[in-house]
Amino acid sequence: MGIGATRYDERMLASKGQLEKSPIKFLPSEGIEFGGVLFLLPSLLATGLLSYKNYYSELSGYYDLDTIILSLAFMYLCRIKNPEQLKHISPGEFGKLIGLDRIAEAKNLRFKISQIVEQKQAGNWNRSLAKSWVETEQTALYYIDGHVKVYSGYKANLGRKHISRLKLCLPGMTEFWINNSEGLPFFVVTGEVNEKMQEIILDKIIPELLENVAIKISDEQLKADPDLPRFTLVFDREAYSPKFFGKLWTEHRIAVLTYRKNVKDKWNDSDFIEQEIEIDSNKVKMELSEKSIKLNNVKLREVRKKNKNSHQTSIITTNKKLTTLFIAIKMFSRWTQENFFKYLRNDYDLDRIAHYLVNDIDDDFKVVNPLHRKLTNKLKKTREKIARRRAILFELIEKNLTDDSDKTEKYFKKQSKVKEELQQFETEEKELIEQRKQHSYKITIKEMEEKIRYNKLDIESKLFQNIIKMICYRAETSFSILIAAHYKKKTDQMRALTKSLIKTKADIIPDYKNETLTVELYSLSNPRDNNAAIEICQFLNESETKFPRTNLKLIYKFATGPTTRGQEF
């Protein structure tokens, strides 16, 4: 039965296949670890946690689909990052949070996740959630950035990718996340092998946005206003290409917003106008200027921000509707996505590869020829050696002209040696160029040698767990906003309090006669946090949330001291 198990009859029925669903039963409990996580349940439900019911069929056994999904959500919010870490958590304590005698053990939970994943509905669920979030926020700006998950296994043969945070090239899989301007995620797509961001945008992201996610703009609206875009994509310099920007506008009526590359000129200081904005209750001044430019025959708006050291940051866009200040604010908001990646790596174990099943890639899928790439790398190194030898030779010739004449012979010998090495490397360069011509730049998967042929990891399990992490992150963010008024440094402090509240103990008091479930939170570390928690109790009680699969209305209370308990708001 396992440690903490008390519902022996129900578990016996489940083992015989005679139990459809395990009933949710709460017992009066004091000092439950992680009891504060129940404070985030209304946010989880409002964010769309229960929408999985539209896509997944029920599971058999003691732990049904409802309890598994709720368990995973509570796990991630409590920073229990994977099923294996449940081995170090009291199973009976955690089970009381979901109305069971104990939570599923790690092996059972992994088995249940595999049953869910076999239904292959993660893409549809993510698509539905993304559409509902976009409609709620009424957004038309989508931030795109790639994140590489390093693979250290031996079953899959993945392409090597550059991981900027590690400054290394390692095998891995690249996920491209689409977020809003606040860093909240909408959906994620995964690359097959080594596709660049431009390819992913054209092949996967734009079709998904146009067909399923983005708010629809009718053809009549587009004809009536020639400057109106369907929506705007925001990304860094990785996808920079004026020709690409023009293609997105002419073919799809999609605008872009990004940084400009290779800026060499400087605008006059008199061109800049100081403007003031408010960010997190702090007033910030920006010196901005805007001009119309043309790059590769593509008309663009360029906005520059001048810093105190006179450095000018250049932003370009094809969106003709946005104001200069709005362009600057939204472009600099791209760092919220970087912060999102950092937060999920540290707190939600984003880089963990959840499933190690390997799938084949379509035989006709084209990839960069490994032999061509290998020869290109050799050619690059050879050319670096040639450049160094030429620099050394130039330096020797200069020294020979300015130094004493009695040292000429010494310089001549050194020059002869360097010339000989230079000639050798130039010959090697020509040979490498000829060898590379014999190999196509791109080949299909079926044309690769079998032992080095690329394949891919099965992403269904990872996507399923990523969706729950998206919901948890959004729920945590919306919950944190409730307490933002109590703090000056809102972004940092409100999340710190939320994490502290989740870890705080609580009493759980069910009242089946009056159909209520009272969650009484223990005191936090300081009066200011306690005051914020009191305000939260009042707000949550107004939502009149019911615990899933029960008629129990959640009532939130706060313990004001060791002897005076049960103050309700």
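## A short note on the overall build of the chain
And step 1. The number of helices and strands found in the chain is 16 helices and 19 strands.
And step 2. Overall size of the chain, expressed as C-alpha extent along the three principal axes, is 105 × 60 × 60 Å.
And step 3. Put simply, the chain has 569 residues, and 49% of those count as buried.
And step 4. Across the chain, every contact between residues at least 6 apart in sequence was considered, and the portion connecting residues at least 24 apart equals 69%.
And step 5. Carbon and sulfur atoms make up 48% of the accessible area of the chain, which totals about 29,300 Å².
And step 6. Taken as two groups, the 96 positive and 79 negative side-chain charges of the chain have centres that lie 3 Å from each other.

## Structural notes on the packing of aromatic side chains
And step 1. In the structure shown here, the tally under the stated rule is 20 aromatic pairs.
And step 2. Ring centres of tyrosine 56 and tryptophan 125 lie 6.0 Å apart, and the angle between their planes is 85°; on these two criteria the pair is classed as edge-to-face. Of this pair, tyrosine 56 sits in the loop between helix H2 (41–47) and helix H3 (65–77) while tryptophan 125 sits in helix H6 (residues 122–137), and the two are 69 residues apart along the sequence. For the residue pair tyrosine 56 and tryptophan 125, the accessibility class agrees, reading buried in each case.
And step 3. Note on phenylalanine 235 and phenylalanine 245: the rings are 6.1 Å apart at their centroids and 40° apart in plane angle, and the pair reads as tilted. With a gap of 10 residues between them, phenylalanine 235 in the loop between strand S6 (232–234) and helix H9 (242–252) and phenylalanine 245 in helix H9 connect regions that are remote in the sequence.

## Remarks on the pairing of strand S3 (residues 160–163)
Consecutive side chains of a regular strand alternate in pointing toward one face of the sheet and then the other.
And step 1. Alternating positions in S3 separate cleanly, Lys161 and Ile163 being buried on one face and Arg160 and His162 remaining unburied on the opposite face.
And step 2. As paired elements, S3 and strand S4 (residues 168–179) share 4 bridges and run antiparallel to each other. Note on S4: the bridge partner recorded for arginine 160 is proline 171.
And step 3. Between S3 and S4, which pair antiparallel in sequence order, lie 4 residues; one of them, lysine 167, sits at a positive phi of approximately 60°.

## Brief notes about the packing of helix H5 (residues 106–117) against helix H14 (residues 460–482)
And step 1. Relative orientation of the contacting elements H5 and H14 amounts to 100°, with a least axis distance of 9 Å. Classified by the interaxial angle, the pair formed by H5 and H14 is roughly perpendicular. The residues of H14 that touch H5, namely those facing Ile113, Ile116 and Val117, are Glu460, Ser461, Phe464 and Gln465.

## What to know about the nonpolar core
And step 1. Counting 119 residues, the largest nonpolar core has Phe39, Phe74, Ile201, Leu233, Phe235 and Phe464 as the members making the most contacts within it.
And step 2. The contact partners of phenylalanine 74, leaving out residues within four places of it in the chain, are Val37, Leu38, Leu41, Leu44, Phe94, Leu97 and Ile98.
And step 3. Grouped together as the second largest cluster of nonpolar side chains are 10 residues, Leu257, Ile315, Leu322 and Met331 included.

## Section: unusual backbone geometry
And step 1. You will see that serine 310, though not glycine, has its phi angle at about 70°, which is positive.
And step 2. Summarising the element assignment, serine 310 is placed in the loop between strand S10 (298–306) and strand S11 (312–317).
And step 3. Serine 310 gets classed as partly exposed once you look at its relative accessible area, which sits at 30%.

## Describing helix H1 (residues 8–15)
And step 1. For H1, the set of buried residues is Glu10, Arg11 and Ala14. In an axial view of H1, the angular spread of the buried residues amounts to 100°, which keeps them on one side of the axis. Turned more than 90 degrees away from the buried face of H1 sit Asp9 and Ser15, all of them exposed.
And step 2. Following H1 by one or two positions, glycine 17 adopts a phi angle in the positive range, close to 75°.

## Thoughts on helix H7 (residues 197–213)
And step 1. Its 17 residues place the ends of H7 only 19 Å apart at the C-alpha level, less than the 24 Å of an ideal helix rising 1.5 Å per residue.
And step 2. A maximum bend of about 40° is found in H7 at isoleucine 205, where proline proline 207 lies one to four positions downstream.
And step 3. Residues of H7 that are buried include every one of Met197, Ile200, Ile201, Ile205, Ile206, Glu208, Leu209 and Val213, and no others.
And step 4. Tucked into the core, H7 has its buried residues touching H6, strand S2 (141–150), S4, strand S5 (185–190), S6 and H9.

## A few points about the packing of H6 against H14
And step 1. In contact at an axis separation of 9 Å, H6 and H14 are set at 25° when each is read in the N-to-C sense. Compared by their axis directions, H6 and H14 come out roughly parallel. Taken as a pair, H6 and H14 cross one another with a handedness that is left-handed. Along the contact surface, H6 presents Ala122, Gly123, Trp125, Asn126, Leu129, Trp133 and Glu137, while H14 presents Glu460, Leu463, Phe464, Ile467, Ile468, Met470, Ile471 and Arg474.
And step 2. For the contact of H6 with H14, a count of residues per class yields 10 nonpolar, 2 polar and 3 charged.

How each quantity is defined
- Residues numbered from 1 in each chain as written.
- Predicted model: local features only at pLDDT ≥ 70, side-chain atom pairs only at ≥ 80, totals over all residues.
- Heavy atoms only, no water.
- Helix = DSSP H or I, 4+ residues; strand = E, 2+ residues; numbered from the N terminus.
- Buried < 20%, exposed > 50% of the residue type's maximum accessible area, 1.4 Å probe, protein only.
- Contact = heavy atoms within 4.5 Å.
- Areas by Shrake-Rupley, 256 points an atom, 1.4 Å probe, with all protein chains shown as cover.
- Lys, Arg positive; Asp, Glu negative; His and termini not counted.
- Charge placed at Lys NZ, Arg CZ, Asp CG, Glu CD.
- Phe/Tyr/Trp six-rings, centres within 6.5 Å; stacked < 30°, edge-to-face > 60°.
- Pairing = 2+ DSSP bridges.
- Axes fitted to C-alpha atoms, helices over the stretch in contact; angles between N-to-C directions.
- Parallel < 35°, antiparallel > 145°, perpendicular 65-115°, else oblique.
- Core = buried A, V, L, I, M, F, W, Y, C linked by side-chain atoms within 4.5 Å.
- Arc of directions from axis to C-beta.
- Expected span 1.5 Å × (residues − 1).
- Bend = angle between axes of the 7 residues up to and from the residue.
- Left-handed = near helix turned anticlockwise from the far one by under 90°.
- Nonpolar A, V, L, I, M, F, W, Y, C, P; charged D, E, K, R; others polar.

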